[in-house]
Structures are given as structure tokens and as C-alpha cells.
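# Working through the structure, step by step
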Amino acid sequence: MTALYYTRLNRLAEPDTIAILVASLSFQPILDDAEQGRLDLVTQAFVTATQRIEAAGAGVVGLCAATAHLAYDAVAAAVSIPCCHIASPFRQPQTFLSAGAVVGVLGTLTTLDQGIFGAPPAAAGHVVLFPAGTVATALDRAIKHDISAGHAGDAALAVVQAAIDDLAARGATHIVLGCTELPLIRDRLTVDVPLIDAVNLHCRALLTAAGAASGRTP
């Protein structure tokens with residue numbers, strides 16, 4: 001979802017303070033390799049793209065997809081510039097995460113299985129919940145094969161809504177949209193607890209690291 005990141009970054013940046021360099025990768029080969037367990041190829045694709053971004057003059061870099069963060073450690077080690085993790089805002093004190101918060105995370109199976117969002121610091125007393133079982137499997141399929149392909153119809157929407165309802169029923173006080181595609185359907189979801197847009201927070205963190213953040217809301 002390159003366009004979503006590019007739009008958010010431009011809207012949040014201070015005027016005329018930043019140049020955005022984008023290395024856009026073909027999604028389907030990466031998805032195929034990931035689903036076949038060939039994570040070494042996925043990682044190398046992101047490492048190579050990130051090194052090209054650094055060579056082009058970037059001062060900070062971010063992987064613009066939650067699932068891509070399975071390659072984060074390798075990417076961060078392969079470049080000399082800061083690499084901003086999508087979950088970094090959740091590892092710092094935040095006003096939207098009070099002590100005792102129960103945070104439900106929506107995302108692909110890879111995102112959840114790889115612990116990309118993980119648990120906030122134990123000292124803060126937070127609890128993290130993930131979809132499980134058939135709910136998680138259905139959500140993964142809806143994200144990868146429907147929403148990411150621009151087919152966010154009623155069936156896919158119902159799957160996401162079911163995952164939200166499941167997390168809320170299990171006690172989630174906040175829901176994290178932990179997948180790049182999910183903010184695109186945010187207005188079509190019914191949620192009684194605060195929704196946290198991981199893309200928005202990631203963009204703000206990237207701009208803060210680059211010294212180009214503004215107070216504007218996307």
C-alpha cells in the first residue's frame with residue numbers, strides 16, 4: 001500500500017522539509033515466497049531495496065508494511081541509517097495506552113506469528129491479544145486475497161468485523177489496525193473501543209526521526 005504511506009507522509013510532514021524516496025516492490029512474488037516458507041528470499045528482497053534507498057541518500061528508512069517487518073532485523077543490520085520499526089510507538093509511553101490496557105491486534109498470520117507488534121513493556125502492565133484459530137485464518141485470507149487486491153466487499157468486511165468483535169469480547173480496550181490495508185476500510189467498521197492506526201503512528205515516527213513532523217492530522 002505504497003500510496004497510503006506516501007499520502008500520509010506528505011500530509012503529516014512540515015511543508016518543504018522532506019524528500020520521500022520510495023522503493024516499491026511487487027507484492028505477489030513476496031506473498032508467494034512468504035506463504036511457501038521462503039522467508040530468506042523475502043528478507044533479501046527487502047534488504048536489497050533498503051540498501052538502494054540508503055544509496056540514494058535517505059537519512060531514515062521504514063518498511064511500509066507490517067508483514068514486511070519479519071525482515072526488520074536483517075534490514076536494520078544491513079544499512080547505516082536508522083530503521084524505524086512499525087511497532088516502535090507501542091514501545092514508548094503513549095496517552096492512548098494507559099496502564100492496564102488490553103490491546104487487540106489485527107493483522108496477517110505472519111504479522112501475528114512473527115510477533116511484529118509483540119507485547120508492550122511489561123512495566124506498563126499492558127496485555128496484548130491476537131485473533132486465534134479460524135478467526136485468525138479467515139482474517140489472513142481476507143487481508144491477503146481480498147482487501148489487498150482491492151476487493152473489500154461485504155464478505156471480507158464481515159471477516160474483519162468478526163475479528164474485532166472477538167477481540168472486544170475477550171476484553172480488548174483498544175484495537176490496533178496492524179496491517180497496511182486495514183486503514184482503507186476503517187470507516188466501514190463498527191467498533192466500540194478506540195482504533196489505533198499503526199500506519200499513521202509509523203508515519204509520524206518516521207517523520208519525527210527525520211525531523212520533519214508537523215502537528216497536522218491526516
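For the structure itself, look to the data block above.
Position numbers for residues count from 1 along each chain, tracking the sequence in the order it is written. Per-residue local features of the predicted model are confined to residues with pLDDT of at least 70, and side-chain atom pairs are confined, for both listing and counting, to 80 or more; whole-chain, interface and lining totals are unaffected and use all residues. To get the side-chain values, take all heavy atoms of the structure and skip hydrogens and water.

All right, on to the pairing of strand β3 (residues 102-106) then. Buried means the residue's accessible area, taken with a 1.4 Å probe over protein chains only, is under 20% of the maximum for its type, while exposed means over 50%, and partly exposed covers the values in between. In DSSP terms, a helix is any run of H or I states spanning at least four residues, a strand is any run of E spanning at least two, and both are numbered starting from the N terminus. Summarising burial for β3: five of the five residues are buried, a large majority. Side chains Val102, Gly104 and Leu106 of β3 all project onto a buried face; the interleaved residues Val103 and Val105 project onto the opposite face, where all are buried too. A pair of strands is labelled paired if DSSP reports no fewer than 2 bridges between them. Sheet topology places β3 next to strand β4 (residues 127-129); three bridges connect them, and they run parallel. What sits directly across from glycine 104, in β4, is leucine 129.

By secondary structure assignment, the location of leucine 207 is in helix α8 (residues 198-210). Overall, the relative accessible area of 1% leaves leucine 207 in the buried class. Along the backbone, leucine 207 and threonine 17 are 190 residues apart, and their C-alpha atoms lie at a distance of 9.9 Å.

Quick look at the layout of surface pockets now. Cavity and pocket criteria rest on a 1 Å grid covering protein atoms alone: a 1.4 Å probe that fits but cannot get out defines a cavity, protein on both sides within 12 Å along at least 5 of 7 lines defines an open pocket, and an atom within 4 Å of a point defines a lining residue. Grid points are joined across faces, edges and corners, and a volume is the space filled by probe spheres set on the points. For the largest pocket, the calculated volume is near 1100 Å³. Lining the largest pocket are 47 residues, and of these Ala23, Gly62, Leu63, Cys64 and Ala65 lie nearest its centre. Secondary structure elements with two or more residues in the lining of the largest pocket: α1 (2-12), α2 (27-35), α3 (39-55), β1 (61-62), α6 (133-147) and α8. Broken down by element, the residue count for the lining of the largest pocket peaks at five residues, all from α3. For the lining of the largest pocket, a count of residues per class yields 33 nonpolar, twelve polar and two charged. Amino acid classes used here: Ala, Val, Leu, Ile, Met, Phe, Trp, Tyr, Cys and Pro are nonpolar; Asp, Glu, Lys and Arg are charged; the rest, including Gly, are polar.

This brings us to the nonpolar core. Within this scheme, the nonpolar core is defined by two criteria: the residues are buried Ala, Val, Leu, Ile, Met, Phe, Trp, Tyr or Cys, and they are joined through side-chain atoms within 4.5 Å. Ile86, Phe90, Val105, Phe117 and Val176 are the most contacted members of the largest nonpolar core, which totals 29 residues. The set of elements that each furnish at least two residues to this core consists of α1, β3 and α8. A total of seven residues in this core trace back to one element, the largest contributor, which is α8. Excluding its chain neighbours within four sequence positions, the residues that come into contact with valine 105 are Leu112, Phe117, Val128, Leu129, Phe130, Pro131, Leu167 and Val176. With 21 residues, the next largest nonpolar core counts Ala142, Ala172, Ile175 and Cys179 among its residues. Whether two residues are in contact is decided by their heavy atoms: any pair within 4.5 Å suffices.

Take the sheet that holds β3 next. Reading across from one edge, β4-β3-β5-β6 is the order of the four strands in this open sheet, with parallel pairing throughout. Only two strands of the sheet have a single partner each, and these edge strands are β4 and β6 (195-197). The average undirected angle you get between the axes of adjacent strands in this sheet is 30 degrees. Axis definition: a line fitted to C-alpha atoms, limited for helices to the stretch in contact. Angles are taken between N-to-C directions and run from 0 to 180 degrees. The strands that helix α7 (residues 154-169) touches are β3, β4 and β5 (174-177); relative to β3, the one it contacts most, it runs at about 160 degrees.

Bringing the packing of α6 against α7 into the picture now. For the pair α6 and α7, interaxial distance at closest approach is 9 Å and the crossing angle is 145 degrees. When the axes of α6 and α7 are compared, the crossing they make is left-handed. Touching Val135, Ala138, Leu139, Ala142, Asp146 and Ile147 of α6 are Ala156, Val159, Val160, Ala163 and Asp166, all from α7. Handedness of each helix crossing follows the sense of rotation of the near helix against the far helix: counterclockwise by less than a right angle gives left-handed, clockwise gives right-handed.

Think of a salt bridge as a Lys or Arg side-chain nitrogen and an Asp or Glu carboxyl oxygen that are within 4 Å of each other. Summed over all chains, the structure comprises five salt bridges. Across the pair glutamate 35 and lysine 144 runs a salt bridge, and its minimum N-O distance is 3.6 Å. Taken together, the residues glutamate 35 in helix α2 and lysine 144 in helix α6 connect sequence positions 109 residues apart. Glutamate 35 gets classed as partly exposed once you look at its relative accessible area, which sits at 44%. Here aspartate 197 makes a salt bridge to arginine 186, at a shortest N to O gap of 3.9 Å. Taken together, the residues aspartate 197 in strand β6 and arginine 186 in the loop between β5 and β6 connect sequence positions eleven residues apart. Residue aspartate 197 is classed as buried on the basis of its relative accessible area, which comes to 7%.

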